[in-house]
Every structure is written in C-alpha cells, then in structure tokens.
Amino acid sequence: MTKIVAGLIGLGTVGSGVVELLKKQDFITIKTIAVKDPNKQRPQIEGSTITCNIEEIVNDPQIELVIEVAGGIEPIYEHLKNAIKKGKHIVTANKKLLATHGPELFALAQKNSVRLLFEASVAGGIPLISTLQKGLPANEILSVCGILNGTTNFILSKMSKEGTGYDEALKEAQILGLAESDPTDDVEGFDVAYKLCILSALSFGQFIDPISVQREGISRLKAEDVETARRLNCSLKLIALGRRDNLTEKIDLRVHPILVPNAHSLSGISGANNAIIIEGSAAGKICLSGPGAGKLPTASAVVGDVITLCQNKHLPLEQKSLKIKNKENKNKSKNKKSQCGFKNYLRLVLGASSKPGVLISALAACKIIALQIEHDGLLTYTMVTDSQSDEQIDKFRKTLETYDIKVVSRLRILEDESFSLTA
Ligand SMILES: NC(=O)c1ccc[n+]([C@@H]2O[C@H](COP(=O)([O-])OP(=O)(O)OC[C@H]3O[C@@H](n4cnc5c(N)ncnc54)[C@H](OP(=O)(O)O)[C@@H]3O)[C@@H](O)[C@H]2O)c1
C-alpha cells in the first residue's frame, strides 16, 4: 500500500479515536493536526504537529489527504474547498456540511480528480454508505427507513422502559455524554435530517435541501404518548424515512416520532444504537444495525475510508452515485395526490359546544376511515385512521375545529403487516 501523508482537522471524540486506530497502521503519517483551542490540555502525539491554523494543512504540498472530524460548516467548508482545489483527497464525518453543500463539494472533487469519502457521516460504525454504494448497485432503492440518532433513541427508550419524563431522560443523556449541552440538533431532528439528505443522494440520486425535509423532533412528546405506544403494542421512535412516491415520482423525506409496532425490526433497537432498513428492488429488505456514534465506532468508519483511499488512490474515480440525476418530473407530479401516507393515532377533545355525532360527519367529509375509535374519558376520544397523507389529516383537524373538537395528539404509525389494532 502506498504510504500517505495526512492532515487531521479535529482532535475531539472522533479525532482522538482516529489517532488511536491509525497508530496501528504503518501506511500513513499524520503530519499535522488542527484544533480550535490552543489552551486545551492534550496528550503529545508522536510524529504530529498540533496547530490552530487549518491553512497549515491546506497549504502543505506534502499533505495528500485531509481527514476532517471537526464538524460544522464554516470555516470548514472554505478550507475543504481549498484543499480539494489543491488536489488533496478528503475523508470527512461531517453530515451537516455534506447535507448542506454536498453538490458543490462532490462536483469540485470530481473536477479536481480527488476522492471525497464520508462513511462516518451517517450511522457511525455501521457500514451503511458502502452498502448503498457498493453492495446494492443492481437495485433501484425503493425506501430507506431507520433510527439514525442514538441520543434521541436513548431518551425515548428511557422514557418508555423506565417511565422517565423527557427532561429527566435528556439530563441523563447529557450526563452520560450522549447529548450536547445544547441538544437542539439531536432532539429537534436536524441531525437526522442531514443524514437522510445524504442517504437520499445515494439512494434516489437526488440531493435534497435539508430545509425541505419534513421534520419534527421529540421534545414535545409527553408521558401519555409513551403510554399510547404501550397500549397499541408499539414503541415510540424518531424515524427517518425516505421513499419515492410511485405515482408522483416525488422523493418524500421525513423525520418524526412514529409508533413502531413491536413486531417490526426497528422496534427492538434501544439505547444509543442505530438501525436502518434499505428496500432494494432486487435484494428486498436489508436491515443493518449497530453503534451509530461514539469514539471508536465512528473512527472505524473514518479509518476504513482512509484505508480504502490508500488502496484505490490510483484507480479511476467512482462517484457516479452522487451526481444529481434530478429524476423528479414536475409535470408528471402536478395534480396528483401523494401516496405517501400513514395510519394515524389521534386523541380528540370535545369542546363545550360540540356533539359526538359530528365526528362521523367530519370523517365522511374528509374521506377518512376510523379503523378504531374509543371513548376515553368524558370528553376525549382516541382513534386510529386508515392510511392518510399529512394534507388530509390537516384538513380533518381543521374540519374538527369548526365543530369545536381539538386534536390534542397525533402520532403516525409505521405500516407493518403484523400490526394489530388490539389495545
Ligand atoms: N461524536 C460522534 O459520535 C460522531 C458520530 C458520527 C459523526 N460525527 C461527526 O464527526 C465530527 C466531529 O465530531 P466530534 O464528536 O468528534 O466533535 P468534538 O468532540 O466536538 O471535536 C471537534 C474537534 O474539532 C476541533 N475544531 C472545531 N472547530 C475547529 C476549527 N475551526 N479549527 C480547528 N479545529 C476545530 C475541536 O478543537 P478543540 O479540541 O480545540 O475544541 C475538536 O478537537 C462532526 O462532524 C460530527 O458530526 C461524530
């Protein structure tokens, strides 16, 4: 294997894991390591110089490969563009950067004949990117569906197994180092949306702006939602779902809490683990699971990319799967109703002026079938609808408001043949 001189940007959780794993390899030298805070106490790394100036890596003609594990967009975006322009290969774990500026970075890498590898950017230690790129090229990917954030999965597992409230479960995740002091990116689903955008590019040949992902986090979930999940033989999970609508050909990307039937393979994924089901046109459904984050699992993916790069450095570039194919046919999708729907669990509270009979009228007016309906207390009803689009459920909600009935809770249900409505 050709010996390579690398620069490392970032020496935090993942960066220190990368150094630990690369120490065992003799094909690479990390010449320079860039960090942010010059005053932080850190162990000496033999053979490497530490700097606070990323340009020392970017402008060093000896450095062929930049390993970026710092995170965030600026200043990293500008530095990586400059490194690519100078002919350096890139290995990155930065999902936010790739989801936001992936098209420009991949085009620039192609133009400059360098590789841009990113296995660690989605699902940490699980070889998900390589499975999509190398394992399933004979397939059209029909859907990807999974749990891609360990922090929220830990919080939800804790809430359902131990009856802990959201705030308490979040605090524990922070104490264990699983959640940041500002947990917004994780708990509001931004982190998963970035990952889903990367998966969309690989699966459906389209980069979609993270802003266009339909996104809801877990911070508004209550103990009664967890109890609902238990009663319906489901678990509550933050799910990333990407699928192509067969009728409109639009790509539907969404991240939100979903009731997952207990018999479903994603239901048993607990704690900080991740799992993803990829549905290929020929291979059928494949499920990958494992540690989605952490020092060594993530470093395993980064160093795997470094090894791949060193082995294949001189082979022709293969980044076809990341070209924007822009398959979406806007004319075809016009006036066609999306088929991407869900069964829904709804909890309704009747106002003083409402009458239960109007519920049936509202269902009929919105063409919604109630698969199950229960009187839950004097003025509260719960129901499970047939599969409906978000637009239709919003219409139903508005119609109910005109009858003085409020939808106080709505949870989508992940379709599964084994799902039973028996509470
Ligand atoms: N942690 C995980 O389990 C995990 C999993 C998958 C992907 N990732 C991704 O991996 C990347 C790194 O995550 P992490 O958890 O290792 O972060 P981290 O622990 O916060 O470490 C970040 C490192 O980058 C350095 N850094 C930040 N901004 C910099 C700048 N402008 N110039 C130079 N150095 C800078 C920091 O320097 P100081 O040491 O001076 O602060 C620190 O060493 C992120 O993109 C993240 O999304 C992380």
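Each chain carries its own residue numbering, running from 1 in the direction its sequence is written. Restriction of local features to residues with pLDDT of at least 70 applies here, the model being predicted, together with a cutoff of 80 or more for giving and counting side-chain atom pairs; totals for whole chains, interfaces and linings are based on all residues.

Another aspect to go through is the overall build of the chain. Where helices and strands are cited, they refer to DSSP runs of H or I of at least four residues and of E of at least two residues respectively, numbered from the N terminus. What the chain contains, in helices and strands, is 14 helices and 16 strands. Over its C-alpha trace the chain gives a radius of gyration of 24 Å, about what one expects of a compact globule, namely 22 Å for 423 residues. In terms of overall dimensions, the chain has C-alpha extents of about 75 × 50 × 35 Å along its principal axes. Residues are called buried when their C-beta atom has 20 or more other C-beta atoms within 10 Å, exposed when it has 12 or fewer, and partly exposed otherwise; all C-beta atoms are positioned from the backbone. For the chain, the residues scored as buried account for 43% of the 423 residues in total. Working definition of a contact: two residues with C-beta atoms, positioned from the backbone, lying within 7 Å. Of the contacts formed within the chain by residues at least 6 apart in sequence, a portion of 74% connects residues at least 24 apart. The globule rule used for comparison is 2.2 Å times the number of residues to the exponent 0.38, while the radius of gyration itself is calculated over C-alpha atoms.

We now examine the environment of Asn344. Positionally, Asn344 belongs in strand β13 (residues 343-350). Along the chain, Asn344 and Leu400 lie 56 residues apart, while their C-alpha atoms are 15 Å from each other.

Moving on, we come to the packing of helix α3 (residues 76-85) against helix α4 (residues 95-111). At a minimum axis separation of 10 Å, α3 and α4 run at an interaxial angle of 15°. Considering the angle they form, α3 stands roughly parallel to α4. Crossing hand, α3 versus α4: right-handed. Two secondary-structure elements touch here, α3 through Ile76, Tyr77, Leu80, Lys81 and Ile84 and α4 through Leu97, His101, Leu105, Leu108 and Ala109. Helix axes use the C-alpha atoms of the stretch in contact, all axes being lines fitted to C-alpha atoms, and the angles between their N-to-C directions lie in the range 0 to 180 degrees. In these notes the angle categories are as follows: under 35 degrees is roughly parallel, over 145 is roughly antiparallel, 65 to 115 is roughly perpendicular, and the rest is oblique. Should the near helix be turned anticlockwise from the far one by less than a right angle, the crossing is termed left-handed; should it be turned clockwise, right-handed.

Right, let's get into the domain arrangement of the chain. Segment limits for the domains were obtained from an automatic or database-derived domain assignment. Split into domains, the chain comes out as domain 1 (4-126 + 296-322), domain 2 (128-291) and domain 3 (343-413). Between domain 1 and domain 3, the C-alpha centre-to-centre distance is 51 Å.

What follows covers the site of the ligand. Any residue whose backbone-placed C-beta atom lies within 6 Å of a molecule or strand is treated as near that molecule or strand. Close to the ligand lie 25 residues, the nearest being Gly10, Gly12, Asp37, Gly71 and Ala293. Residue contributions to the shell around the ligand peak at three residues, all from helix α1 (residues 13-22). In the shell around the ligand, the residues fall into 12 nonpolar, nine polar and four charged. Each residue is assigned to one of three groups, with Ala, Val, Leu, Ile, Met, Phe, Trp, Tyr, Cys and Pro labelled nonpolar, Asp, Glu, Lys and Arg labelled charged, and all others, Gly among them, labelled polar.

In this section: the packing of helix α6 (residues 150-162) against helix α7 (residues 166-175). At a closest axis distance of 9 Å, the pairing of α6 and α7 adopts a crossing angle of 130°. Considering the angle they form, α6 stands oblique to α7. Every pair of crossing elements has a handedness; the one defined by α6 and α7 is right-handed. Of α7, the residues touching α6 (which contributes Thr151, Phe154, Ile155, Lys158 and Met159) are Tyr166, Ala169, Leu170, Glu172 and Ala173. Residues belonging to the contact of α6 with α7 are distributed by class as follows: seven nonpolar, one polar and two charged.

A few words now on the pairing of strand β2 (residues 28-34). Counted residue by residue, β2 has five buried out of seven residues, so it is predominantly covered. Relative to β2, strand β1 (residues 4-9) runs parallel, the two sharing six bridges. Considered in β2, the bridge of Ile4 is made with Ile28. By convention, a crossover is right-handed whenever its connection, traced from the first strand over the helix to the second and viewed with the strands pointing away, goes clockwise. Handedness of the crossover joining β1 and β2 through α1: right-handed. Two strands pair when backbone bridges link them, and β2 and strand β3 (residues 49-51) are joined in this way by three bridges, in the parallel orientation. DSSP bridges decide pairing: two strands pair if at least two such bridges lie between them.

Moving on: α6. With 13 residues, α6 should reach 18 Å at 1.5 Å per residue; the first-to-last C-alpha distance of 17 Å fits that figure. Among all positions of α6, only Gly150, Thr151, Thr152, Asn153, Phe154, Ile155, Leu156, Ser157, Lys158, Met159 and Ser160 are buried. Where α6 is buried, its residues contact β7 (141-147), α7, α8 (184-187), α10 (223-231), β9 (234-244) and β11 (273-280). Backbone geometry just downstream of α6 places Gly163 in the positive-phi region, at approximately 70°. One fewer than the residue count of a helix, multiplied by 1.5 Å, yields its expected span.

Bringing the sheet that holds strand β4 (residues 65-68) into the picture now. Sheet architecture is open: six strands sit in the order β3-β2-β1-β4-β5-β6, paired in parallel fashion. Looking at the sheet topology across the chains shown, the edges are occupied by β3 and β6 (116-117). Across the sheet, α1 is in contact with β1, β2 and β4; its angle to β2 comes to roughly 160°.

What follows covers the pairing of strand β12 (residues 284-291). Side chains on a regular strand alternate between the two faces of the sheet. Pairing analysis gives eight bridges linking β11 to β12, with the strands arranged antiparallel. If you follow Asn274 over to β12, its bridge partner there is Gly290.

If you trace the backbone, Cys287 turns up in strand β12. A sequence separation of 78 residues divides Cys287 from Ala365, and the C-alpha atoms of the two residues are 40 Å apart.

In a regular helix each residue adds 1.5 Å, so 15 residues correspond to 21 Å; helix α9 (residues 190-204) covers 20 Å between its end C-alpha atoms and thus fits that length. Downstream of α9 by a residue or two, Gly205 has a phi angle that is positive, lying close to 70°.

Let's shift gears to unusual backbone geometry. Each neighbour pair has its own omega, and for Glu74 with Pro75 the value is 5°, a cis peptide bond. Along the chain, the position of Pro75 falls in the loop between β4 and α3.

Attention now moves to the nonpolar core. Joining buried Ala, Val, Leu, Ile, Met, Phe, Trp, Tyr and Cys residues through C-beta atoms within 7 Å gives a set, and that set is a nonpolar core. Of all hydrophobic cores here, the largest spans 118 residues; its most connected members are Val18, Ile67, Cys197, Leu259 and Val302. Looking at which element gives the most residues to this core, the answer is α9, with 11 residues. What Val302 contacts, discounting residues up to four positions off in sequence, is Val14, Val18, Ile67, Val69, Val91, Ala93 and Ala120.

Note that Leu80 resides in helix α3. The residues touching Leu80, leaving out its near neighbours within four places in the chain, are Val66, Glu68, Ile90 and Leu105.

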